[in-house]
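Residue-level structure breakdown
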Amino acid sequence: MDICSMENCNKPIKAKQLCSMHHQRMLRHGDPMTVRPRKEKIKATCKWVSCTKDAATKGYCAKHYYIQRVMASNKG
Ligand SMILES: [Zn+2]
Ligand SMILES: [Zn+2]
């Protein structure tokens, strides 16, 4: 009996040279190696001009969130 064409896989072929598990992955992801699609975390940086720190609160880093809050409250 033929076995799955994937490396390190000794399961019997179900379809297209792949075992049922790898064939399922092929159908689902278009790639038998893919277990699940990667979700990339979108890293936001501070909205403050020329600040490259990671955004912590409402699009600002901790320091600039504090500053813009103080400025906003001063406007009246
Ligand atoms: Zn396999
Ligand atoms: Zn900042």
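Everything quoted here is computed from the prediction, not taken from an experiment.

What counts and what doesn't
Residues numbered from 1 in each chain as written. Chains lettered and ligands numbered in written order. Predicted model: local features only at pLDDT ≥ 70, side-chain atom pairs only at ≥ 80, totals over all residues. Domains from an automatic or database assignment. Helix = DSSP H or I, 4+ residues; strand = E, 2+ residues; numbered from the N terminus. Contact = placed C-beta atoms within 7 Å. Buried ≥ 20, exposed ≤ 12 C-beta atoms within 10 Å, placed from the backbone.

Splitting the protein by domain gives domain 1 (1–38) and domain 2 (40–76). On a C-alpha basis, the centroid separation for the pair domain 1 and domain 2 is 47 Å.

Relative to the helices and strands, C4 resides in the segment before α1 (20–29). A sequence separation of 45 residues divides C4 from V49, and the C-alpha atoms of the two residues are 55 Å apart. Residues in contact with C4, not counting those within four places in the same chain, are C9, K11, I13, L18, C19 and H22.

Here we take up unusual backbone geometry. The phi torsion at N8 lies on the positive side, around 60°, for a residue other than glycine. Its location among the elements puts N8 in the segment before α1. Judged by local crowding, N8 falls into the exposed class, with 5 C-beta atoms found within 10 Å. Even without being glycine, Q17 reaches a positive phi, approximately 65°. Along the chain, the position of Q17 falls in the segment before α1. A residue is classified by how many C-beta atoms lie within 10 Å of it, and Q17, with 15 of them, is partly exposed.

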